[in-house]
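Observations on the model geometry
Okay, here's what each chain looks like letter by letter:
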Amino acid sequence: MKAGLLTEWRTATVTVAIAVVVAIIGCLAFGSSKAVAAPEVPRYLYGVGPDGTEESSFASVNSIAIDQGTGEIYVLDRQVGALYKFDAKGHPVAFTGSAPYISASRISGLAAEVTPTLNESQVSVDSTSHVIYVTEPTSIRAFEANGEEAEFSAGPGAGTSEISGFVQLAGITVDSAGNIYASDRPSGTTLSFKSSGEPLSDVTVSTPATLAMDDDANLYVHPSEIEPLIKLSPNETPVNGSTTYTKSEPIPLDNTVEYRSGFGVDPLGGDVYSSLQNGAKGTWIAQRHSDGTLVREYTAPGESLSQGVAVVAGGETFYVGTAAGKVAIFGPQPPGPPEIGVAGAYGVSADGTRLEARINPRKVATTYRFEYGLEDCALPESGCAAIPVPDAPLGKGNEPISVTQAITGLAPGTTYHLRVFAENAEGTDEVNRTFTTQTVGGGFGLADSRVWEMVSPPKKGDGAILVNNQTLIQASATGDSLAYLSRGAMEEDPEGNRSPEVSPQLAGRSTDGNWSSKDITSTHTEANVLQGQDEFFRFSEDLSKGLLEPRDETPLSSEATEYTPYIRDNTTTPPTYTPLLTEDNVTSEVPWGQGGYGGGGAGAGGAERILLVGATPSLGEVALTSKTPLLEGVSGRALNLWSEAGGILKAISQLPVGEGGKVVGGGLGSEFGSIRHAISVDGSRILWQSEAYNDLGSVTSINALYARDTAANETTRLDAKTDGSGAGKVFPAFQDATPDGRVVYFTDSQQLTADASPGGRDLYRCELGPDTSEGCVTLENI
C-alpha cells in the first residue's frame, strides 16, 4: 500500500496524511451571515429602444425627461428629429392627438441634426400642466401631452407654439411653478419665461448647456464636458422678474473622469446624477449631493452609459441613455418568482445527510420544501418524500435566506434524487440534484465504516507519489476525481515529461469503479531550474479545468503571443489551453506580444512578472498581478481580475472615489497571510489590501483593507473607525470571510471601536450590506 495513493471517504473534513492519504468531502458547507436590513437602492434592470424592447435602438438618445405627475418619460432623438413617449417601465405610450406629425408614440418633424453635438438639445416637461418643451437650434417648441402643439399666450411666441430668437439654444428645464428656463450658449445666458411665454429674467453663466431644476427652484447648469456643474439658488420663490441668483461652489468632478456627458437632478433631494467616463473604468453614473459629496455609483453590465439622465423624484428610479441607443432603466428590483441559489446535500453519510439551500423570496411571500427519493422528484409518479410538511414559509424579503433540513433512514451506497422547490404568487423555481450515500464495508473497510480506494496506478514505472508542503492535492466535490503529484512521470509517453522533476497527475474513477491516472504536464521546450512544485495553481471544483503558470514561454495556444497563465480544459483530447492574457485584453503602454512580459511563471525565481494570486472555485474569475502594467493608465503591481465571460481584464485595486479613485499596488486578502474567501464564490466581491513597496519590490507597509464590488465597480474601506479613537498603527490584516463575501474578519492595531484594546491587535467582524458601497454595516470587536 505504501506506493499507492489512497482516498479516504469521510463526512465532514479534508485531511492530507503523512502516509500519503487524502480525504475527499462531498461538498463544502455554507458560511453563515446575519441578514442586514438596508434601504434598497436602484439597480440596472434593462434597456429599451423605440419599440419598448432591447431589440430596437434609437439613433441617438440626446435627452430624457420625466413627467413627475404621471411617471411617463419622453426621449429626444435629435439625429432623426423625433420625440418618443413611454410609461415608467419603458413601454411605448401613444400620443392621442391627430396632427400629421404624430405616429403612435412618436412625434416627428423636429429639427434633425446628422451628428448632434453634446449638450445642444434637451426635452423637459411641466409635471402640472403636462406641457412638453423641446429645444431646436434657435427656438423652443411646445407640445400638449397628446402631442398637439401647445400655444403660448404672451411674449415673443404669443399665438404660436414656438419661442424663437435664440443664437444657439441648448438646454431647457421647468420649475414646479411652470416657469421655463432655456440656455443660449454663445451669449452665456440662461433666460426664464412664465408658462404663458412672457419673459421673466436672465442670468449669465459661462457657456451654459444642459439644465436641470429641483423643487426649490434651484437651477443646475452644465457648462461643458469637462467643467464642474454649477448650482444657482434664487433669492426668493416664486421666481419673478426681479429675482437674483447666488452661484454655489462648483460641484466637483471625480478626478479620474475624462469627461461628463450628461446629468439629471432629483427634484426632491437635489442630488445630482452624472454620467461619467474614463478609459480604464469605463462609464458609470455618480450620485452626489449638491455639495459634491459622493453618495453612490452605478454601472450597467454590458452597457456604455452616455447622454440623457432623468431622475424620478426621490431617486427610486432613474433613466440614462446609452451609446448603443437604448434607455437604461435603473430602479428597485420588481417583485418576482423566488430564486434558488446554492442547493444540495451536505455531510452525506451512509444513512443520512443535511439538505441545504439559499432562497430569495423576491419581495413576495414564499414557501419552500425539499423532496428526495430514488427517482426524479420532478416526476409526479416518483414517490419522493417531502420535508418539511406542509411547505415552510420564508417571508417576503429580497435577500437569500439559508434553509436546512436533516434527513435519516437512507440506504448505504445508494444514489438519491433531490429537488428543492420554492413558490410564491409570482411563480416557482426549482433545483434538481443527486447525491450518493456512503458505502458500508467493502475493500479496505475500517471499523468506523470508512472505505479506502486506491487512486494511483499499482505500476508506476520510474515515478513515485510525492507529498510535501508545496504539493497541490485537490479532490473534486463529488469525490470521483483527484489531482496529485508524482516524482517523475508514471506513464510511458506523457505530454511534457520533466523527469526527475514533479509531474501533475489527474486521476478519475470510471463508471465501473476503477481509477486511472493521466500525466498533465504541459508541453515545454526550455530547461528550467529543478523544482519541487508543479505549474498548476489550482483546479476547478470538479477538476474539469486547471489554472497554471507555465514553467517556460512555450505557447500552449495559438492565441498566445506572449508569456501568460492559462486555463487548461481537462475534458478534451488533446487538452485545450485558454490564455488569460492576450492582445485583446492587455491595454498597457508596454506592447503585448514583443517579449515585454516574458520570463514569468513557476521556476523563474526573481524574474517572475505575472503571478496568479487567487481564483473563484469555478475558475470563472482569476486574480493576478504583474510587475509590468497590464492596463492603460494603471501602474505595475496592481491587482487585476480576469473573467471567463468575454476574457475581460480589469483593475481591482482601485481606491474609493473619496480617496482619489486611483489604481494602486494591491495584494489579495492579506497576500502572504490569508486569502481564504478573499474572492467570493461568484467573484462579485474581492477583499484586498493597498501596499507600499521598496526599490527591491518588497512590501514595506499595509495602508488599508478594502472590499471591491466587481459588478458595481465600487471600492469601500473596511478598516474605518466607528466609535473608536482610531489610535494605533494602521496595519489591517485580512483573516477570512464567508464564501459570499458578506462577513469579513480582520485584525488591526487601530482602535476602531469603543471597546478596542489600548494596545496590541484586535479581531474585528465586519458585516457588509447588499450594497458594498455602504461599507461595514456593523463592525464588531470579537
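Quick notes on the rules
Residues numbered from 1 in each chain as written. Predicted model: local features only at pLDDT ≥ 70, side-chain atom pairs only at ≥ 80, totals over all residues. Heavy atoms only, no water. Helix = DSSP H or I, 4+ residues; strand = E, 2+ residues; numbered from the N terminus. Buried < 20%, exposed > 50% of the residue type's maximum accessible area, 1.4 Å probe, protein only. Areas by Shrake-Rupley, 256 points an atom, 1.4 Å probe, with all protein chains shown as cover. pLDDT = per-residue confidence, 0-100. Contact = heavy atoms within 4.5 Å. Salt bridge = Lys/Arg side-chain N within 4 Å of Asp/Glu carboxyl O. Disulfide = S-S within 2.5 Å. Pairing = 2+ DSSP bridges. Axes fitted to C-alpha atoms, helices over the stretch in contact; angles between N-to-C directions. Core = buried A, V, L, I, M, F, W, Y, C linked by side-chain atoms within 4.5 Å.

1. Let's talk about the overall build of the protein
Scanning the protein for helices and strands turns up zero helices and 57 strands. By residue count, 54% of the 782 residues in the protein fall in the buried class. Put simply, the protein shows about 32300 Å² of open surface, and 51% of that area lies on carbon and sulfur atoms.

2. Focus on the confidence of the model for the protein
Averaged over every residue, the pLDDT of the protein is 84; residues scoring 70 or more account for 86%. Segment residues 1-38: pLDDT under 50, and 105 contacts once partners within four positions in sequence are set aside and those in other chains are kept.

3. Brief notes about the pattern of salt bridges
This structure, assessed with the given rule, holds 17 salt bridges. The partner of Arg742 in a salt bridge is Glu399, with the nearest N and O atoms 3.4 Å apart. Of the two residues, Arg742 sits in the loop between β54 (733-737) and β55 (743-748) while Glu399 sits in the loop between β32 (385-395) and β33 (401-407), which places them 343 residues apart along the sequence. The class of Glu399 is partly exposed, set by a relative accessible area of 25%. Through salt bridges that share partners, Arg369, Glu371, Asp391, Arg419 and Glu430 make up one connected network.

4. Quick word on the state of the cysteines
Taken as a whole, this structure holds two disulfides when the rule is applied. A disulfide bridge connects Cys377 with Cys384, and the sulfur atoms are separated by 2.1 Å. The chirality of the disulfide connecting Cys377 with Cys384 is left-handed, given an S-S dihedral of about -85°. The disulfide partner of Cys766 is Cys776, and the S-S distance across this bridge is 2.1 Å.

5. Some words on the sheet that holds strand β34 (residues 415-424)
Sheet architecture is open: four strands sit in the order β32-β31-β34-β35, paired in antiparallel fashion. Both edges of this open sheet fall to β32 and β35 (427-436), since each of them pairs with a single strand only. In this sheet, adjacent strand axes meet at a mean angle of 15° when their direction is disregarded.

6. Some points on the sheet that holds strand β45 (residues 576-579)
The strand order across the open sheet formed by four strands is β42-β43-β44-β45, and the pairing between neighbours is antiparallel. Looking at which strands have only one partner, the edges of the open sheet turn out to be β42 (536-539) and β45. Going across the sheet, the axis of each strand differs from the next one's by a mean of 25°, ignoring polarity. Examined bridge by bridge, strand β43 (residues 545-548) and strand β44 (residues 566-569) share four bridges and lie antiparallel to one another. Following the sheet pairing, Leu547 is matched in β44 by Ile567.

7. Quick notes on the nonpolar core
Counting 27 residues, the largest nonpolar core has Leu687, Leu718, Val744 and Phe746 as its most contacted members. Elements represented by at least two residues in this core include exactly β48 (639-643), β51 (685-693), β52 (699-709), β54, β55 and β56 (762-768). When neighbours within four sequence positions are excluded, Leu718 is seen to be in contact with Leu687, Leu705, Tyr706, Ala707, Val744, Phe746, Cys766, Leu768 and Cys776.

8. Quick look at the environment of Glu780
Its place among the elements puts Glu780 in strand β57 (residues 776-781). When its relative accessible area of 43% is taken as the criterion, Glu780 is described as partly exposed. Sequence separation between Glu780 and Ala754 is 26 residues; the distance between their C-alpha atoms is 9.9 Å.

9. Concerning the pairing of strand β12 (residues 140-143)
Burial along β12 is two-sided: Ile140 and Ala142 and Arg141 and Phe143, pointing in opposite directions, are all buried. Alignment of strand β11 (residues 132-135) against β12, held across four bridges, turns out to be antiparallel. Within the sheet, the bridge partner assigned to Thr135 lies in β12 and is Ile140. Hairpin geometry of β11 and β12 is characterised by an intervening segment of four residues between the two adjacent antiparallel strands. Pairing between β12 and strand β13 (residues 162-163): two bridges, direction antiparallel. Its bridge partner lying in β13, Ile140 is registered against Ile163.

10. So, unusual backbone geometry
Note that the residue after Ile387, namely Pro388, is joined by a cis bond; omega there is -5°. Summarising the element assignment, Pro388 is placed in strand β32. Pro574 follows Thr573 through a cis peptide bond whose omega is -5°. Phi is positive for Ala217, which is not a glycine, with a value near 65°. Mapped onto the elements of the fold, Ala217 is located in the loop between β18 (210-213) and β19 (219-222).

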